[in-house]
Every structure is written in C-alpha cells, then in structure tokens.
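Spelled out from the first residue to the last, the chains are:
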Amino acid sequence: MHVCLRMIRLAHLICFAGFFLQCEAQNGVLTCLINPTYRPAENSDITVTCGTNYMYLRVLLCPMYFAGYNESLMALNAKFNIPSCLGVADWTANPPVLNFNFSISQDSLTLCGNTLNITSQLGSGVFSDFSQIQSVNISGLINSWDPSISTITYRQQLMYQFSCMYPLQYVVNNTELSVSGVSVAIKDNNGTFISTLSMGLFTTGNYTTKLHIPSNGLQLKTRIYVQVKATNLTNKFNVLLDRCYATVSPYPTSSTSYDLFIGCTRDVQTRVEKNGVSQEALFSFEAFRFVEHKNLTVSTFYVHCITRLCENSTCASLIPRCARKREIQAPLNASEVATVSSGQIKTRVDNGPVTSQNTSGSIRHEMTFVCLATCLLSFYLLNWLSPW
C-alpha cells in the first residue's frame with residue numbers, strides 16, 4: 001500500500017514538472033485552440049513580401065501547433081542554431097503569426113542559407129533591342145525540427161518554400177506539391193526596385209546644384225548634368241544606363257526622339273562620366289532644339305533613360321567597352337515603354353533686332369561699293385570718249 005502511494009506521488013511530481021517546463025508551449029496551444037487556424041497546414045499559410053532591402057515572411061502559427069511544433073522548432077533552411085534565422089512569434093496578431101525578416105545583403109543571405117540566382121534571357125517586347133535581360137531570384141525554405149528521440153514519430157514534417165523574383169532591367173515602370181508524409185507550402189512573389197530609381201538635373205559637374213529652367217528656356221549649348229540614382233536599395237546592385245534619349249512629349253514612346261547615347265554610340269556633345277560602377281550613373285549633354293520646333297520661341301523636350309540594375313559581380317561584364325573613336329550608328333527603336341524620366345526642359349533662340357541690323361548694315365555696305373564702282377567706271381569712260 002505504501003509503495004503504491006509513493007508511486008502516485010512520484011507520478012504527480014513528474015506531471016507538475018512537465019507542466020511548468022512546457023508552460024509557454026501550453027499557452028500557445030490554449031490560444032490556438034479557440035482560433036479557426038488551428039488546423040492542418042495549407043499553402044496559403046505563408047505570405048511573402050519582396051522589399052527593396054528586406055524580404056518579409058509571415059506564417060500562421062496555429063497550424064504549426066496543430067502539427068505538434070512551436071515557434072522555436074521552425075527556422076530558415078534548418079539553421080536552428082543561429083538566432084537570427086529563427087522567427088519571432090506575434091501572438092497579438094489575429095490570427096497569430098511567425099515573422100521572418102532578413103536582409104537581401106550577401107552576408108545575411110549566406111548566414112541563413114538562402115540562395116540567390118541570376119538568370120538571363122533574350123530581350124523581348126520593350127527590351128527587344130537588347131541581347132540579354134537579367135533577373136535575380138532569392139529563395140529558401142522554412143522547415144521544422146522534430147525533437148523526437150524515438151525510432152518513430154507522429155509529427156508531420158512542415159516545409160514552407162518561398163522566393164522573390166526581381167527583374168534587373170527597368171525602363172526608367174502558387175504551386176501546390178503533395179508528398180506523402182510532408183506538408184509543403186510553396187509561395188512565390190514578385191518584387192520591383194523601380195520605386196528606388198530617380199533622375200535629377202544639375203547645373204555643374206559636382207551634381208550639387210539643381211538645374212533651374214527659366215520660363216523663357218535655357219540658352220542653347222548650356223551643359224546639362226544628369227544623375228540617375230537608386231536610393232534605399234540593397235547594396236548588391238549598381239545602376240547601369242543602357243540608353244538615354246530625348247522626346248518632344250513627356251511620353252517615352254513619342255514618335256520624335258533623339259538618342260543621347262546607346263551603349264558606346266553617343267551624340268558628340270554627350271559625356272558619360274559614371275555608369276555601372278555604383279548606385280548612381282552620371283552623364284551630361286548640351287541643350288539643343290528639335291527642328292520641328294523651328295517656328296517656336298521655346299523648344300520643349302524630355303529626357304528618358306532605360307535603366308538596368310546589375311548585380312555587383314556581373315556589372316563588369318555588362319559595361320560596354322568603348323573605343324576612343326566610333327562611327328555613329330542609326331538609333332535603336334524602342335516602343336511601349338515607361339522610363340526613368342526628367343521633367344520638362346526648355347531651350348530658346350534669341351531672334352532679336354541685332355541680327356536684323358547686322359543684315360541691313362551688310363546690305364548697305366554692298367550697295368555703297370557698287371555705287372562707287374559705277375562712278376569710277378563712268379569717269380574713265382567719259383575721259384576716253386572726250387576729244388581732249
């Protein structure tokens with residue numbers, strides 16, 4: 001009898017010890033028991049946000065508890081021993097979620113085992129003038145760790161695969177897999193870096209003073225300095241300008257256009273100072289007029305740049321190798337594009353009275369010379385005809 005009582009007390013002590021050790025997990029279970037997401041895992045349990053510096057993952061927590069796991073048993077690419085590769089539970093959200101946020105930088109991607117792959121394909125549509133268009137794909141998975149030490153387990157393994165596809169060239173504009181014994185949720189999403197790109201016009205070569213365009217336009221041959229810059233963008237990518245051109249309308253598909261440069265082919269007044277080596281590209285050109293504006297006092301045009309973002313290690317292979325002298329080739333055609341564009345640029349021609357006066361003065365000098373020549377000729381003729 002005494003032996004039985006001692007055994008019961010020992011069992012109670014073991015139960016109480018287990019209760020206190022698993023208190024946090026029990027609280028999660030209690031919260032999830034009354035939540036409608038306390039069910040088997042589904043593909044829709046993960047949400048992927050593709051940012052310009054970070055990727056953000058949100059995964060429903062209660063399906064993890066349903067499968068016998070908790071937040072401490074889920075990690076990026078099985079990196080359970082690295083704290084920054086673990087998720088952070090948000091029990092205040094409804095439904096509760098496990099958040100994973102990580103930088104797109106090389107160090108962060110390597111630390112947690114995520115992969116970055118750059119792919120190339122032939123340009124088509126808007127980019128049909130270009131031989132290759134690149135995209136970067138960043139991917140990985142969130143998987144579970146089964147703490148069971150026995151030969152068998154009743155926990156179903158959880159895997160959440162994710163990826164973000166970023167195109168690297170801009171005109172500066174869910175799969176289910178069923179595997180026995182494994183619940184796999186695959187969620188791909190697309191991101192864009194276009195919001196980080198901007199164009200600025202400056203008056204000097206140090207790119208510090210913004211260009212002010214007077215209402216009557218810039219004087220012809222005024223040098224305009226152009227900066228295309230990426231801001232709030234991960235440092236893995238540089239800015240590379242493939243083509244910059246001017247149009248008479250604010251739309252980059254205007255029928256009337258003039259190329260400032262395409263690769264190594266450039267207007268004689270265009271200077272490319274920095275391209276493909278940092279997160280800003282710099283070039284300059286002299287103000288000009290479109291011939292179709294010959295009857296207008298002010299010529300108005302807009303500058304657009306087809307802009308590529310190149311991954312640091314691949315930029316060198318994409319930057320054109322330009323000889324000192326090169327024949328000017330026919331401009332390439334591009335249609336149906338949205339570009340990184342400038343504001344309105346206006347130039348003027350001074351057709352004042354000075355030109356008219358100079359012209360009149362020249363005519364008067366010519367008439368005086370004719371009159372003098374006529375008088376001398378008449379004088380000699382009279383002397384020759386005179387008998388004396």
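Residues numbered from 1 in each chain as written. Predicted model: local features only at pLDDT ≥ 70, side-chain atom pairs only at ≥ 80, totals over all residues. Heavy atoms only, no water.

1. Regarding the overall build of the chain
Logical step 1: Assigned secondary structure in the chain consists of six helices and 22 strands.
Logical step 2: Looking at the chain as a whole, 42% of its 388 residues are labelled buried.
Logical step 3: Surface exposure of the chain reaches about 22,600 Å², of which carbon and sulfur atoms provide 57%. (Helix = DSSP H or I, 4+ residues; strand = E, 2+ residues; numbered from the N terminus. Buried < 20%, exposed > 50% of the residue type's maximum accessible area, 1.4 Å probe, protein only. Areas by Shrake-Rupley, 256 points an atom, 1.4 Å probe, with all protein chains shown as cover.)

2. Structural notes on the packing of aromatic side chains
Logical step 1: Under the definition given, this model contains 16 aromatic pairs.
Logical step 2: Here Tyr-54 and Tyr-56 contribute two aromatic rings whose centre-to-centre distance is 6.3 Å and whose plane-to-plane angle is 35 degrees, an arrangement assigned as tilted.
Logical step 3: Using a relative accessible area of 40% as the deciding quantity, one classes Tyr-54 as partly exposed.
Logical step 4: A residue is classified by how much of its surface remains accessible, and Tyr-56, at 36% relative accessible area, is partly exposed.
Logical step 5: Arranged with centres 4.4 Å apart and planes meeting at 5 degrees, the rings of Tyr-166 and Phe-193 form a pair that is stacked. (Phe/Tyr/Trp six-rings, centres within 6.5 Å; stacked < 30°, edge-to-face > 60°.)

3. What about the environment of Ser-284?
Logical step 1: As for its placement among the helices and strands, Ser-284 is situated in strand β19 (residues 280-286).
Logical step 2: Since its relative accessible area comes to 0%, Ser-284 is described here as buried.
Logical step 3: The residues touching Ser-284, leaving out its near neighbours within four places in the chain, are Arg-223, Ile-224, Tyr-225, Gln-269, Thr-270, Arg-271 and Glu-273.
Logical step 4: Side chain to side chain, Ser-284 and Arg-223 meet in a polar contact 2.8 Å long. (Contact = heavy atoms within 4.5 Å. Polar contact = N/O pair within 3.5 Å; in protein donor to acceptor, adjacent residues only side chain to side chain.)

4. Some details on the state of the cysteines
Logical step 1: Taken as a whole and judged by the stated rule, the model has five disulfides.
Logical step 2: Between the sulfur of Cys-32 and that of Cys-62 lies a disulfide, 2.2 Å long from S to S. Classification of the bridge connecting Cys-32 and Cys-62 rests on its S-S torsion, roughly -85 degrees, and on that basis the disulfide is left-handed. Of the two residues, Cys-32 sits in helix α2 (residues 23-33) while Cys-62 sits in helix α3 (residues 62-66), which places them 30 residues apart along the sequence. Across the pair, Cys-62 and Cys-32 agree in class, each one buried.
Logical step 3: Disulfide pairing is shown between Cys-244 and Cys-305; the S-S distance is 2.0 Å. (Disulfide = S-S within 2.5 Å.)

5. Side note on the confidence of the model for the chain
Logical step 1: Per-residue pLDDT for the chain has a mean of 77; in total, 71% of the residues score no lower than 70.
Logical step 2: This model gives residues 352-382 a pLDDT under 50, and the stretch forms zero contacts once residues within four places in sequence are excluded.
Logical step 3: The model gives residues 384-388 a pLDDT under 50, and that stretch makes zero contacts with residues more than four places away or in other chains. (pLDDT = per-residue confidence, 0-100.)

6. With respect to the nonpolar core
Logical step 1: Ranked by size, the top nonpolar core spans 65 residues in total, and within it Ile-142, Phe-283 and Phe-285 carry the most contacts.
Logical step 2: Each residue touching Phe-285, except ones within four places of it in the same chain, is listed here: Thr-222, Arg-223, Ile-224, Val-226, Leu-260, Gln-269, Thr-270, Phe-301, Val-303 and Ile-345.
Logical step 3: The next biggest cluster of nonpolar side chains, apart from the first, holds five residues, and it includes Phe-127, Phe-130, Ile-133 and Ile-306. (Core = buried A, V, L, I, M, F, W, Y, C linked by side-chain atoms within 4.5 Å.)

7. Considerations on the sheet that holds strand β2 (residues 54-60)
Logical step 1: Pairing within the open sheet is antiparallel, and its four strands lie in the order β1-β2-β5-β4. A strand with exactly one partner marks an edge of an open sheet, and here the two such strands are β1 (46-50) and β4 (88-90). Within the sheet, the average angular offset between the axes of one strand and its neighbour, ignoring direction, is 25 degrees.
Logical step 2: The sheet contact formed by β2 and strand β5 (residues 97-103) spans seven bridges and is antiparallel. Across the sheet, residue Val-59 finds its bridge partner in β5, namely Leu-98. (Pairing = 2+ DSSP bridges. Axes fitted to C-alpha atoms, helices over the stretch in contact; angles between N-to-C directions.)

8. Looking at the pattern of salt bridges
Pairing of side chains with opposite charge becomes possible as their charged atoms draw close.
Logical step 1: One pass over the full model with this rule turns up nine salt bridges.
Logical step 2: Arg-155 is the salt-bridge partner of Asp-146, the closest N and O atoms lying 3.2 Å from each other.
Logical step 3: Arg-243 is paired through a salt bridge with Asp-259; the nearest N and O atoms lie 2.6 Å apart. Residue Arg-243 is found in strand β15 (residues 237-247), and its partner Asp-259 is found in strand β16 (residues 257-262); the two are separated by 16 residues along the sequence. Neither residue differs from the other here; Arg-243 and Asp-259 are each classed as buried.
Logical step 4: In this structure, a network of salt bridges that share partners links the residues Arg-39, Glu-42 and Asp-45. (Salt bridge = Lys/Arg side-chain N within 4 Å of Asp/Glu carboxyl O.)

9. Details of the sheet that holds strand β12 (residues 197-202)
Note on sheets: strands pair through backbone hydrogen bonds, and any given pair is parallel or antiparallel.
Logical step 1: What the four strands build is an open sheet, ordered β12-β14-β19-β18; its pairing is antiparallel. Two strands bound the open sheet, and with one partner strand each, they are β12 and β18 (271-274). Looking at each pair of strands side by side, their axes are set apart by 20 degrees on average, direction ignored.
Logical step 2: Here three bridges tie β18 to β19, and the two strands are oriented antiparallel to one another. Across the sheet, residue Val-272 finds its bridge partner in β19, namely Phe-283.

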